[in-house]
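Now for the letters of each chain:
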Amino acid sequence: MKKIYRIVTLLAAWMFLAACDDALNKYPLDSITEEAYFETATQLQLFTNSFYSSILPDVPYDEQSDLMVATRLSNLLTNSSFRTVPASGGGWSWTTLRKINTCLGNLYRCKDEEAVKEYNALCKFFRAWFYFDKVQRFGDVPWIDHELASDEKEALYHPRDNRDYVMARMIEDIDEAIAGLPSSYANGKTYRATKWAALALKARFCLFEGTFRKYHAGDITLWTLPVDANPPEYYLQLAAEAAEELIDLGPHSLYSTGHPDYDYQNLFAQYDADPKEYILAIDYDYGFTCTHDASGVALLSVCGRNSPTRGFIDHYLMADGKRYSSVEGWSTKTFEEQVKGRDPRLHQTIRIPGYSYTKLTTNRASFCDMDVSLTGYSINKFVMPSDNMVMNNIRSNSYNDMPVIRIAEVYLIFAEAKAELGTLKQADLDKSVNLLRRRAGMPDLDMNAANRTPDPYLTSEATGYPNVTGENKGVILEIRRERVVELAMEGLRYADLLRWASYGRILQGLYGMYFPGPGEYDWDKDGKADICLYTGSKPSTDATFVYKIGTDITLTEGTKGYVNPNPTYTISLDPDRDYLYPIPTNERVLNHALLQNPNWPDGLSY
Amino acid sequence: MNTFQKIGLTLFLFGAASLAALAQRTLSGRVTDTTGEGIPGAGIVIKGAKGGTVTNIDGKWTLGGVSTDEVTLEVSCLGYTSASVKVPAGRATVDLVLENDNLMLEETVVVGYGTQKKVNLTGAITAVKGDDLQNRTAANVTSMLQGAVPGLNIVASSAVMNEAPDINIRGYTSINGASPMVLIDGAEGDLSRVNPNDVESISVIKDGAAAAVYGARAAFGVILVTTKSGSAAEGKATIRYSGRWGWQEPTTSTDFETRGYWSVYTINKFWDARYPGDKYLKYNDNDMNELLARVNDVTENPDRPWVVEETVGGVKQWKYYGNNDWYHKLFTDRNPLHQQSLSVTGGGKNFKYFISGLWDHRQGIININPDYLDKYQLRARFEANVTKWMSISNNTSYYDQKYNYPATTMSNVDRTFTHLAAHGLPIFPFQNPDGSWVYYSQYFTSSYAVANAAHIKFSENKDRHIERKNEFANTTEINITPIKQLRLTGNFTFRKRRDHTTARMTSFQYKMYPDEEPITKSDGVGTNQLCEKTWNYSYMSANVFATYEDNFDGHHVTAVLGGNWETQYSQYLEAIAYDLISDKLNDLSLAGTAADGSSKQYIDGWQSEYALLGFFGRFNYDYKGRYLLEVSGRYDGSSRFARGHRWGFFPSASAGWRISEEPFFAPAKDVMNNLKLRFSFSSLGNQVVSNYAYLRKISVDNADYMFGEGALARSASISAPNAGDLSWETVQQYNLGLDAGFFKDRLQFTGEAYIRNTLGMLVSGEALPAVYGASSPKQNSANLRTRGYELSVSWKDQFRLAGSPFGYGVSFNLSNYDSYITKYDNNPNKLLSDYYVGKRLGEIWGFKADKLFANDIEAMDYAEAVDLSYVTAGMGYGWSAGDLKYEDLDGDGTIGIGANTVDDPGDRRILGNSLPSLSYGATFSVDWYGFDASVFFQGTGDHYWYPPRWCFPFWGPYSNPMQSFMRRDFLKDVWDYNNTDAYFPRARGYIAEISGGTLNRTNTRYLQNCRYLRVKNVTVGYTIPQKLTRKIKLEKIRVYFTGENLACWSPLFDHCSYLDPEAMEHDDSENYGRSFYPWQKSFMFGVDIQF
């Protein structure tokens, strides 16, 4: 009996304690635990949705480069005290990669095999893109292909992998993305990555790597490549192949309604991305406050005043295909003469006299308002020709969709890769660059003609890219010109300067319009001066804009010359250093194996 | 029935047994205290005779059947010295005056699950009486405790009226922060929501041993609030009304630059230094001359209008030449408040009740359509003896608080202050001459908004926010006493808390140019939206415990054994409607319609819950009140940890020795009536993690991204990686205490010294390289040691002065602590950017930089010799005279942080500590002839602070030049060739704000000592003599003045009178920088009436 009591007592105590423990089981009520997630296609989609906003570059129009300056020059353009080795941050962020790797490590648990394939491909797409950004910024970087555990010392304290190794992994990733991503989505829109977007990305980063290696071949300090590293041609070949596959097999082609005078401009001024031309785009919608600043940048004096440089305008051909540099006195033409009779894309990119920008009905819609533009040239591209003044007059009110990759760029990649490889044929140009020319109503690019006489503007030490050599020098430079014109303000220029080793373009000076001296200028020939420059005391003038030289604007030669948009900035990039960014100090202190990029002193002795 | 009466009754029964019934007479009289106030419940007995009586509420008594011979009358009452007086034959009335007995030997203190005699305490407990809070005008009880209890640190995070301060006992608790547990009548609650008039007592339990019965949440102390219960004065209810009226004023200067000329001049001067040749405000020489012509115009002179119309670039423009005082147009320096409270208390032998209510109304500082706070509180309490062995009680409280204010953001009022801190410049009026609002201005370099529309929002009064806090709590308790020694207690509490905020924003119209149509701002600050947010908390707790108490042969034992269960469910709901069709009505149903026909709304929410279960026991033993011992422990489980890691046992023990009770001490007892030594040790758990910290969660939210699907995309995010074996932090505490009383406790002293080890703190397990891609997972892997002491001394006495008792008291307390990291495995290099072993918490590392360069050559030579790039960011022109000279202490030719480690900190040294080194409070009080007065001082010792980069009130334009409220005549403090003794360096905008700017790096010259001494409270009152008040049937009338925060001294004021030193104690310094709700002082006049 005693024994039974004891057993009953023990049993009761055990049950009581078990019950107590159960009373303390509380699980989340508003979120799913990791173990229970990654089971449906929807869950995979929700998990990968954030990759788009974390990785895709969403505000290309206000980039700064040799073609575009702003009130405050970015530290990309200057070599000032802003460009220092940071303690932390500085682009050395790996959070998004971890998230991608988390998804990759878990998505196999989903029962829907199609979804597993698609989202695996999507993760690989974004991982390749993530690394593309890292390689551009830092050169060698550690390759991490799974979600790291905190005790994986080996991987956490790994040195940087050389860029050839990283590129090889990126190519594996992007090939998997090309194979696994759908060719289109049910709604026919291009806001999600397709296999074509993956092909385009592959073409983009392979071209980057190929040309970067080629043009920085002498800068051995920038990397330590293994002896068996792939040569630049390997990447150029991959770029050309990927681009060609996309051109030949893909559904994308140029937007055109047969109106060279406004097709180009209208392409960028549509509320919804053109699914034909845009391979990947970002959706903006005013109603959901998903908006951007494009019209503010173009029309207001308060959005940084991003302004095209004279060097940008100088790239445009004449409408008949002749070079602007062959025009007598080209370098000192005033605004109206300078922009007259040029490639029609010019007036679809910047505002010039005589063209229909009047729908931009704000009090800042002039073509020469130097309160808006630092250089005198004002932007047209990406601005909605809205008749709603209020919408354009306020920053962050634009909601036309933004291109991330469009077929035009793929044409240019294709042509450039083949030209650099030396395998370019006229037929290649005809199915790529010349399609762009034709849409714009411009004569075709003739490869032989271009190679016969390269444009002195583009070869000169003072204005061009003197490091381009070889048989295809002329056509390479023409393709570069075409990139400038066609892809203006699309956020690609700075990377182009990087890969072409062309900081020279920045060091050549960033200037605006030319003014032969004080006086009134009536550019639209309406009998009323548009702009009046003066020295001394203010003259009586009916000009719309009146500026005092030296106070309101600065000219390079005192009372005449080019507008100097940023007279107080010194531009002095260090080509031995500034093509790569520094690794933050704290990271190097934590991981001594992480070597600093050349010529970035951070005070650490290892 | 209160203790007085119990004892009186006992004495009465005792006396009745020996009542002699021979020749008899009836005696009567009145027992009063030294102030003439009647003492109720005093026991009256005749020596050697049976029987006795007890005085009534007025102190009157009548005793029949007294011998006609001379008798000795003995009068005793708790809290007063006993008296005996011979009553000669034939005398019928005897009036007696009892003196206050400071000994209060029987004073009890509320402890966990019970009460203890104060003399028997072995832990570190400080009790505050409700009466001590009576005169305070602070917004809540928490604030009132500041400086009142040594070791209790009260730090206000904001001066906004509905914000409650943070509470902390004995300093730095844990890296993860932890607050003491607050129990209101036994259930967890919010100290700031207790009506100060309801407080009977507050026990602050500081050491772990005394807190141990509360287990896992009590590791950093417990605050026990006991509310008033009914009185047992048979039949007579006491009604008390208290009202006070007054106003508040800012404690900091509000004298800002209001002259347009000096504002524009200063802004452009500072801006130029960062962007040479550029102007922040595009004002040309002519404009400056116009401003200068008006510089002394306090109001607009019709000859020199403050806004001038002009045509520039073909466009008509307004030129703004004003001298507008934005601060005083937006805010007032005097805002009224009042408070009304009423309570009724009464009852009898078997039933007692207490009901009280309070209404507190405070107007805020906003001048146009002011902000205001209304607070309503109600408490109803009753206790009933149902049978001889069972009693029940119920305690219901209701709390309702509403803060109503205009705003410029959807966030709280603090954000509005931050928001309006820029671009509200003196040159701008609120409105253009045509009545349109000024908002954007073409005179700025970018699209900056004037004061972020605060003037528009405040004036239009459509964007009002309401923050409501409601709480309903109810505790029911049952006590059963089956045998004398045993009491069984069960109680159940439920509490519903609901916080609700309504935030509204509307569009508005403004104009930049005279000829344009008004522009509607309908995005950003003009987004037409209504947001309703609700937080619901349902809390339940149950306690069941048994208390056994017995005495035998001088041994006294008490044992408590019980269990405690608590759970809380929290839910958050948020709904936003956009583009409402009305600006005046605020309802979600008025949402506008989207292009696809759907209603423009957004909803969100979250939920969570936790549960705790604990079994506790405590055993107390004392022998003849000399040797005291207490052992307690608790076995605690928490839902916040994974199964297998969730239970913990936490023991404690303490002992005391009352040396003064030893026979050998007897000779000294006249001088030193009490001497006690105490020691305790405890080991408690601390469950500071969030509810599901051991799980990795994936939550879904709206992304700021779209996929052409006509709605914002949803996107999933995963919580940071974590360690599955998370468990309790353990907090060990050793406490040594000494209590001493001298001269019948007129002089009292208490000292405590303690060491507290916080073990296994949850910290990021390891500083991992960024490639890990997430913050390092947390592990129980760091230890902290806090050492400190507390002292309190008080003197209290009374003597007769000019025929009336003169009472006075002085009390002083102080406390100090320091905290060091004793274990932090994962920073072996001792990187200064993280905790490291040996780090003293609060230490400030910085550079030595005391001097400004006297001339350009010195500066340039120095910049040539020493690499200053670490402190050079934003220097538009190079180093020159008037710039701050950083000393190259390590002589390596570079100003830098070395390896950023303890061993190689570069040129940095520890400059000071940001944690207050001492906290103290001192009270002086007197009362005489119905007058009473008290002054309460409070302060801290050295407490260093380096002004954060956004601190506009300190840095002025060195932070951002375009601030709305710039210190007046700031240039007087700015170095210049004609002002080389200035405190601040050469004018350079942003060098305090941008990383790497000269003032952005912590250095000796601008390190501030924020120690302060403040007159926290002054009260002067007068109680009208009862003789007079009785005539109008009132028991008591007292009128008084009380002022809070009336004066303050601090070295901080040497350099900046625009900041309150108390504001700096809060860690969250980034938030109050730009502009913040000013700290307030208050002046109030009140009256207390008792019926």
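Just above, that's the structure.
Reading the values: the criteria
- Residues numbered from 1 in each chain as written.
- Chains lettered and ligands numbered in written order.
- Predicted model: local features only at pLDDT ≥ 70, side-chain atom pairs only at ≥ 80, totals over all residues.
- Heavy atoms only, no water.
- Helix = DSSP H or I, 4+ residues; strand = E, 2+ residues; numbered from the N terminus.
- Rg over C-alpha atoms; globule rule 2.2 N^0.38 Å.
- Buried < 20%, exposed > 50% of the residue type's maximum accessible area, 1.4 Å probe, protein only.
- Contact = heavy atoms within 4.5 Å.
- Areas by Shrake-Rupley, 256 points an atom, 1.4 Å probe, with all protein chains shown as cover.
- Lys, Arg positive; Asp, Glu negative; His and termini not counted.
- Charge placed at Lys NZ, Arg CZ, Asp CG, Glu CD.
- Patch = residues over 30% accessible without salt bridge, like charges linked within 9 Å, V, L, I, M, F, W, Y side chains within 5 Å.
- Salt bridge = Lys/Arg side-chain N within 4 Å of Asp/Glu carboxyl O.
- Buried area = accessible area lost by both parts, 1.4 Å probe.
- Polar contact = N/O pair within 3.5 Å; in protein donor to acceptor, adjacent residues only side chain to side chain.
- Pairing = 2+ DSSP bridges.
- Axes fitted to C-alpha atoms, helices over the stretch in contact; angles between N-to-C directions.
- Phe/Tyr/Trp six-rings, centres within 6.5 Å; stacked < 30°, edge-to-face > 60°.
- Lys NZ or Arg CZ within 6 Å of the ring centre and 35° of its normal.

1. Remarks on the overall build of chain A
Within chain A, the secondary structure is distributed over 22 helices and 11 strands. Over its C-alpha atoms chain A spans a radius of gyration of 28 Å, differing by no more than 12% from the 25 Å that the globule rule assigns to 606 residues. Considered along the principal axes of its C-alpha atoms, chain A spans approximately 120 × 55 × 55 Å. In chain A, buried positions account for 59% of the 606 residues. Contacts spanning at least 24 positions in sequence make up 72% of the contacts within chain A whose residues lie at least 6 apart. Approximately 22500 Å² of chain A is accessible, and the part contributed by carbon and sulfur atoms is 53%. Averaging the positions of the 62 positive and the 81 negative side-chain charges in chain A gives two centres separated by 2 Å.

2. Observations regarding a nonpolar patch on the surface
Residues and elements named next belong to chain B. Taken together, the side chains of Ile355, Leu378, Tyr398, Phe472, Phe492, Phe494 and Met540 make up a nonpolar region of the molecular surface, amounting to roughly 580 Å² of accessible area. As for its position among the elements, Phe494 is in strand S25 (residues 486–505). Since its relative accessible area comes to 30%, Phe494 is described here as partly exposed.

3. Here's the deal with the interface of chain A and chain B
Taken together, the contacts link 77 residues of chain A with 80 residues of chain B. Contact between chain A and chain B buries roughly 6800 Å² in total, counting both sides, with carbon and sulfur atoms accounting for 58%. Of all residues in chain A, Leu24, Lys26 and Leu29 of chain A bury the most surface against chain B, accounting for 11% of the area lost on that side. The interface formed by chain A and chain B includes seven salt bridges. For Arg696 of chain B, the salt bridge goes to Glu34 of chain A, with nearest N and O atoms at 3.3 Å. Taken together, the connections running from chain A to chain B amount to 19 residue pairs in polar contact (both at pLDDT 80 or more).

4. So, the sheet that holds strand S2 (residues 43–46) of chain B
All names here are of chain B. In space, the four strands of this open sheet follow the order S3-S2-S5-S6, with antiparallel pairing throughout. Edge positions in the sheet fall to strand S3 (52–54) and strand S6 (83–87), since each of these pairs with one other strand and no more. Each strand of the sheet is rotated relative to its neighbour by a mean of 20°, with strand direction disregarded. As paired elements, strand S5 (residues 71–76) and S6 share five bridges and run antiparallel to each other. Bridged to Thr72 within S6 is Lys86.

5. A look at the pairing of S25 of chain B
Two faces belong to every sheet, and in a regular strand the side chains alternate between them. Residues and elements named next belong to chain B. When strand S24 (residues 464–480) meets S25, the two strands line up antiparallel, connected through 15 bridges. Its bridge partner being in S25, Ala473 is matched across the sheet by Arg495. In textbook terms, the turn of a hairpin is the stretch between consecutive antiparallel strands, and for S24 and S25 this stretch comprises five residues. Bridging between S25 and strand S28 (residues 529–552) involves 20 bridges; their strand directions are antiparallel.

6. Quick look at the packing of aromatic side chains
Taken as a whole and assessed by the stated rule, the structure comprises 118 aromatic pairs over all chains. Consider the rings of Tyr324 of chain A and Trp330 of chain A, whose centres lie 6.0 Å apart with planes at 70°: the pair is edge-to-face. When its relative accessible area of 2% is taken as the criterion, Tyr324 of chain A is described as buried. Geometrically, the ring pair formed by Phe331 of chain B and Phe458 of chain B is edge-to-face, given 6.3 Å between the ring centres and 70° between the ring planes. Of this pair, Phe331 of chain B sits in the loop between helix H6 (326–330) and strand S20 (335–347) while Phe458 of chain B is found in helix H8 (residues 454–460), placing the two residues 127 residues apart along the sequence. Phe458 of chain B matches Phe331 of chain B in its accessibility class, with the two residues each being buried. Ring pairing ties together the aromatic residues Tyr37, Phe38, Phe47, Phe51, Tyr52, Phe125, Phe126 and Trp129 of chain A together with Tyr705 and Phe707 of chain B, which thus form one cluster. When the ring centre of Phe430 of chain B is taken as reference, the NZ or CZ atom of Lys329 of chain B above it lies at 4.2 Å. Cation over ring: Arg1014 of chain B sits above Tyr1012 of chain B, and NZ or CZ is 5.8 Å from the ring centre.

7. Description of unusual backbone geometry
Residues and elements named next belong to chain B. Despite not being glycine, Asn452 has its phi angle at roughly 50°, a positive value. Position of Asn452 relative to the elements: it lies in the loop between helix H7 (413–419) and H8. The phi torsion at Asn1045 lies on the positive side, around 55°, for a residue other than glycine. In this fold, Asn1045 is placed in strand S51 (residues 1036–1049).

8. A few points about the side chain of Arg986 of chain B
Residues and elements named next belong to chain B. If you trace the backbone, Arg986 turns up in strand S48 (residues 984–986). For Arg986, which is buried and forms no salt bridge, the nearest opposite charge comes from Asp856, at a distance of 4.2 Å. Not counting residues within four places of it along the chain, the set of residues in contact with Arg986 comprises Asp856, Ser880, Ala881, Gly882, Asp883, Tyr958, Val974, Trp975 and Tyr977.

9. Examining a negative patch on the surface
All names here are of chain B. Taken together, Asp867, Asp890, Asp892, Asp903 and Asp904 make up a surface patch of like negative charges. Mapped onto the elements of the fold, Asp890 is located in the loop between strand S42 (884–885) and strand S43 (908–913). Asp890 gets classed as partly exposed once you look at its relative accessible area, which sits at 32%.

10. Considerations on the pairing of strand S8 (residues 531–534) of chain A
Residue and element names in this part refer to chain A. Burial of S8 is two-sided: the residues Ile531 and Leu533 facing one way and the residues Cys532 and Tyr534 facing the other way are all buried. With three bridges connecting them, strand S7 (residues 519–521) and S8 associate as antiparallel partners. By the bridge assignment for S8, Glu520 is matched with Cys532. By the bridge criterion, four bridges tie S8 to strand S9 (residues 545–548) in an arrangement that is parallel. Each bridged residue has a counterpart across the sheet, and for Cys532 the counterpart in S9 is Val546.

11. Comments concerning the sheet that holds strand S10 (residues 555–557) of chain A
Residues and elements named next belong to chain A. Strand order in the open sheet formed by three strands is S6-S11-S10, with antiparallel pairing between adjacent strands. At either margin of the open sheet sits one strand with a lone partner, and together these are strand S6 (514–515) and S10. Pairing of S10 with strand S11 (residues 560–563), which is carried by two bridges, proceeds in the antiparallel orientation. Within S11, the residue paired with Leu555 across the bridge is Val563.

12. Some remarks on the pattern of salt bridges
All names here are of chain A. Enumeration over the complete set of coordinates arrives at 98 salt bridges over all chains. Linking Lys202 and Asp175 is a salt bridge whose minimum nitrogen-to-oxygen distance equals 2.8 Å. You can see Lys202 sitting in helix H7 (residues 195–215) and its partner Asp175 sitting in helix H6 (residues 163–180), a full 27 residues away along the chain. Residue classification places Lys202 among the buried positions, given a relative accessible area of 9%.

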